[in-house]
Amino acid sequence: MDYRQRYEQWLSFDEETKRELLGITDEKEIEDRFYKDLAFGTGGLRGIMGAGANRMNYYTVSKATKGLADCLLSKYKGRQVSVALGYDVRNNSSFFAHTAASVLNANGIKTYVFDTVMPTPVLSFAVKYKNCDAGIVLTASHNPKEYNGYKAYNRLGCQLSVYEANEVIEYVNAVTDIKNIAHMEKEEAIEKGLFEYMGKDVLDAFISEVKTQSLYNKKSDIKIVYTPLHGTGNIPVRRILENFDVSVVKEQELPDGNFSTVRSPNPEEKDALTLAIEQAKRENADLVIGTDPDSDRIGISVRHNGEYPLISGNQVGALLAEFVLSQKKQRGLLNEKSTLVTTIVTSPLGAEIAKSYGLKTEFVLTGFKNICGRIEDYEKTGENEFVMGYEESYGYLVGSHARDKDAVVSSMLVAEMTAYYKDRGMTLVDALDEIYSKFGYYLDALEPFVLKGKDGAEKIQRLMTGFRNNSEKLFSDIDYIEDYSDGFRGLPKENVLKFYFKDKSFAAVRPSGTEPKLKVYYSIRSNDRQKAAERLEEIRKVFDNIING
């Protein structure tokens with residue numbers, strides 16, 4: 001069917017859906033909602049909420065869950081299958097989670113559902129804690145309020161690997177009658193022992209595990225301003241920082257699916273931390289921490305010479321690598337198997353730090369599921385030992401209590417790291433300068449180009465093809481190029497192109513897996529900051545002219 005035929009089909013689904021669709025007068029909007037299905041990809045579902053095949057709604061969530069249910073029942077025949085479900089503060093997240101539970105229950109699968117909003121890493125932890133076969137969390141992470149998403153986890157609490165996701169995708173694609181998918185009412189599921197709420201006991205166990213990663217718990221006088229950005233971090237992060245002097249940004253303390261005080265609830269962006277930084281200035285705080293709606297990412301700002309500069313995701317990763325590895329080395333907790341895991345678009349500075357402590361570094365594809373997938377590999381082979389993993393997009397994990405990035409353990413360690421350096425008369429900016437003096441200066445940047453709708457998706461494809469066909473001609477000082485589209489260094493196929501320059505800098509380009517964006521990553525290596533800035537601008541102009549031209 002073409003998009004118009006699918007639109008007509010959806011008009012028969014239910015009255016609310018019909019009213020919403022009939023209210024659309026822009027033909028391009030109708031096309032965008034129906035030109036394709038909201039695909040269940042290797043990262044699950046993510047999209048704008050609303051009626052339509054290419055939107056997050058009751059029907060698309062039901063379809064994804066029916067496919068997951070069929071896959072689990074095929075894999076675990078002859079026994080009771082169970083799934084843990086969590087959700088964040090976003091509009092409809094609770095509704096979608098309970099919708100998914102009702103589909104699972106109708107298929108005889110037992111569900112453990114959080115009784116309140118909960119961080120994604122706690123759901124990851126809950127899968128193993130409850131001995132479940134899979135997990136689902138309803139969240140669009142740091143995306144704007146219009147979005148929601150659906151992430152699936154395996155029995156170890158790690159997001160599905162490419163192989164596992166492809167298995168589920170086959171079952172999801174086999175679901176064609178999305179209007180008539182069976183659901184079970186919660187009351188009936190409870191009566192049949194198929195639905196159970198979970199809550200404080202799981203969070204308590206999670207917090208206990210996080211505390212085992214503490215590395216510097218000396219009494220400290222540092223003052224912290226914290227904002228959960230209306231998200232799920234409020235209670236868990238405040239609990240893990242209970243030994244510090246913490247004040248919370250009241251305007252952003254409580255759940256709000258509209259994220260009414262920010263343009264976007266993304267701690268990567270400066271304006272998301274504006275209220276927190278203003279409060280820090282009034283209170284003369286040492287550290288500002290912000291977590292995103294599902295509390296798996298963390299953004300920070302620190303007081304330095306009376307100002308509050310932001311510390312980027314790459315910089316926090318390097319600082320944590322230095323702090324965590326130095327503290328673990330003092331305790332004799334590192335060995336020849338110790339490994340840091342990071343991604344191919346993350347600054348290599350963390351890998352340089354790891355090397356100085358005798359660690360191995362593994363580079364994986366973008367996405368924290370690839371980082372945490374290594375934990376499972378290491379446990380199977382015994383050849384490596386996971387110490388920490390991080391990516392440039394403000395996600396970090398120390399320890400293996402969760403199998404996803406975790407802003408709760410990150411908040412604890414960033415606070416301890418700030419206290420550690422303050423005891424030595426230093427700020428995190430001073431500590432970063434010390435790292436640069438040892439390993440050289442790295443200037444890292446990310447430039448996302450938003451290209452929406454069918455036209456945008458087609459332009460992204462054309463641009464990636466153009467970059468590949470003309471890769472050797474784009475720059476005069478390319479050392480070599482890595483194309484991951486056919487697999488590279490044993491990694492799965494991925495639509496990523498990475499340019500290495502003779503001065504050891506790199507630029508990488510890839511389509512986002514969760515948003516209508518083409519992302520360009522830059523990592524400039526230089527001993528001179530001004531020259532690094534000039535070099536960055538020179539490379540950026542090439543990409544800007546091609547993408548916007």
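The text that follows walks through the structure, step by step, so that each part is easy to find.

Here is what the cut-offs are and how they apply
Residues numbered from 1 in each chain as written. Predicted model: local features only at pLDDT ≥ 70, side-chain atom pairs only at ≥ 80, totals over all residues. Heavy atoms only, no water. Pairing = 2+ DSSP bridges. Helix = DSSP H or I, 4+ residues; strand = E, 2+ residues; numbered from the N terminus. Contact = heavy atoms within 4.5 Å. Axes fitted to C-alpha atoms, helices over the stretch in contact; angles between N-to-C directions. Salt bridge = Lys/Arg side-chain N within 4 Å of Asp/Glu carboxyl O. Buried < 20%, exposed > 50% of the residue type's maximum accessible area, 1.4 Å probe, protein only. 1 Å grid on protein atoms, 1.4 Å probe; cavity = no way out; pocket = protein on both sides within 12 Å on 5 of 7 lines; lining within 4 Å. Points joined across faces, edges and corners; volume = space filled by probe spheres on them. Nonpolar A, V, L, I, M, F, W, Y, C, P; charged D, E, K, R; others polar. Polar contact = N/O pair within 3.5 Å; in protein donor to acceptor, adjacent residues only side chain to side chain. Core = buried A, V, L, I, M, F, W, Y, C linked by side-chain atoms within 4.5 Å. Expected span 1.5 Å × (residues − 1). Parallel < 35°, antiparallel > 145°, perpendicular 65-115°, else oblique. Left-handed = near helix turned anticlockwise from the far one by under 90°. Disulfide = S-S within 2.5 Å.

**Quick word on the sheet that holds strand 11 (residues 310–311)**
Here 5 strands make up an open sheet; going across it, the order is 8-7-9-10-11 and the pairing mixed. Strands with a single pairing partner mark the edges of an open sheet, and in this sheet they are strand 8 (245–248) and strand 11. Here helix 15 (residues 407–422) sits on the sheet in contact with strand 7 (223–227), strand 9 (287–291) and strand 10 (298–302), set at roughly 175° to strand 9.

**A look at the pattern of salt bridges**
Pairing is possible between side chains of opposite charge, provided their charged atoms come close. One pass over the full model with this rule turns up 45 salt bridges. Across the pair K66 and D70 runs a salt bridge whose closest N-O atoms are separated by 3.1 Å. Of the two residues, K66 and D70 are both situated in helix 4 (residues 58–75); the distance of 4 residues between them amounts to about one turn of the helix. Classification of D70 by relative accessible area gives partly exposed; the value is 23%. The partner of D296 in a salt bridge is K151, and the shortest N-O contact between them spans 3.9 Å. Taken as a pair, D296 in the loop between strand 9 and strand 10 and K151 in strand 5 (residues 147–153) lie far apart in primary sequence, 145 residues in all. The pair formed by D296 and K151 is uniform in burial state, with each residue classed as buried. A cluster of three or more residues bridged by salt bridges with shared partners is formed by E20, E29, D32, R33 and R55.

**Observations concerning helix 13 (residues 349–356)**
Taken as a whole, helix 13 has its buried residues at L349, G350, A351, I353 and A354. Along its buried surface, helix 13 packs onto helix 12 (313–330), strand 12 (338–343), strand 13 (360–364), strand 14 (385–391), helix 16 (428–439) and strand 16 (441–450). Once helix 13 ends, the next one or two residues include G358, with phi positive near 80°.

**Structural notes on the layout of surface pockets**
Estimates place the volume of the second largest pocket at around 560 Å³. In terms of lining, the second largest pocket is formed by 25 residues, of which the most central are P348, E352, F363, Y480 and Y500. Elements with a minimum of two residues in the lining of the second largest pocket: helix 13, strand 13, strand 17 (478–483) and strand 18 (497–501). In terms of residue count, the dominant contributor to the lining of the second largest pocket is strand 13 (4 residues). Looking at the lining of the second largest pocket residue by residue, the classes come out as 13 nonpolar, 2 polar and 10 charged.

**Structural notes on the environment of S220**
When you line up the elements, S220 lands in the loop between helix 9 (200–211) and strand 7. Judged by its relative accessible area of 14%, S220 falls in the buried class. Each C-alpha atom of the pair S220 and K422 lies 8.9 Å from the other, and the pair is 202 residues apart in sequence. Beyond its immediate stretch of four places on either side in the chain, S220 contacts F244 and A419. A distance of 3.2 Å separates a polar atom in the side chain of S220 from the backbone nitrogen of I222.

**Some words on the side chain of Q279**
Structurally, Q279 is set in helix 11 (residues 274–283). Apart from residues no more than four positions distant in its own chain, Q279 is found in contact with V225, S247, V248 and V249.

**Comments concerning the nonpolar core**
Among the nonpolar cores identified, the biggest contains 102 residues, and I300, L413, F467, V509, L518 and F543 are the most heavily contacted of them. The element best represented in this core is helix 15, accounting for 11 residues. Leaving out residues up to four positions away in the same chain, F543 has contacts with F467, F475, F499, A507, V509, V520 and Y522. Among the nonpolar cores identified, the runner-up in size contains 37 residues, and L38, Y87, L104 and I169 belong to it.

**Focus: the environment of N148**
Mapped onto the secondary structure, N148 falls in strand 5. Sequence separation of N148 and D88 is 60 residues, and the distance between their C-alpha atoms is 9.6 Å. Not counting residues up to four positions away in its chain, the partners in contact with N148 are R46, G47, M49, M56, R90, N91, N92, S93, F96, L138, T139 and A140. Among the polar contacts made by the side chain of N148, one reaches the main-chain carbonyl oxygen of N91 at a distance of 3.1 Å.

**Considering helix 12**
Taking 1.5 Å of rise per residue, the 18 residues of helix 12 would be expected to cover 26 Å, and the 26 Å separating its terminal C-alpha atoms lies within 8% of that figure. When you tally the buried positions in helix 12, you get 16 out of 18 residues, the bulk of the element. Backbone geometry just downstream of helix 12 places G332 in the positive-phi region, at approximately 70°.

**A closer look at the packing of helix 4 against helix 7 (residues 162–173)**
The contact between helix 4 and helix 7 brings their axes to 8 Å, and the two run at 120°. The angle between the axes of helix 4 and helix 7 places the two elements in the oblique class. For helix 4 against helix 7, the interelement crossing comes out right-handed. Judged by residue contacts, K63, A64, G67, L68, D70, C71, S74 and K75 of helix 4 engage E167, V168, Y171 and V172 from helix 7. When its residues are assigned to classes, the contact of helix 4 with helix 7 shows 6 nonpolar, 2 polar and 4 charged.

**Structural notes on the state of the cysteines**
Going through the model one piece at a time under the given rule, you end up with 0 disulfides. Counting only cysteine sulfurs, C372 is the nearest neighbor of C158, a cysteine outside any disulfide, at a range of 5.2 Å.

**Comments concerning the side chain of H304**
Position of H304 relative to the elements: it lies in the loop between strand 10 and strand 11. At a separation of 2.8 Å, a polar atom in the side chain of H304 contacts the side chain of T427. When sequence neighbours within four positions are dropped, the list of residues in contact with H304 reads P309, T427, V429 and D430.

**Side note on the sheet that holds strand 20 (residues 517–526)**
Reading across from one edge, 16-20-19-18-17 is the order of the 5 strands in this open sheet, with antiparallel pairing throughout. Edge positions in the sheet fall to strand 16 and strand 17, since each of these pairs with one other strand and no more. The sheet shows a mean angle of 10° between the axes of neighbouring strands, direction not considered. Across 6 bridges, the pairing between strand 19 (residues 506–511) and strand 20 is antiparallel. Each bridged residue has a counterpart across the sheet, and for F506 the counterpart in strand 20 is S523. Along the sheet face, helix 18 (residues 529–548) touches strand 16, strand 18, strand 19 and strand 20 and points at about 155° away from the line of strand 20.

Note that every value here comes from positions in space, so none of it alone points to a role or purpose.
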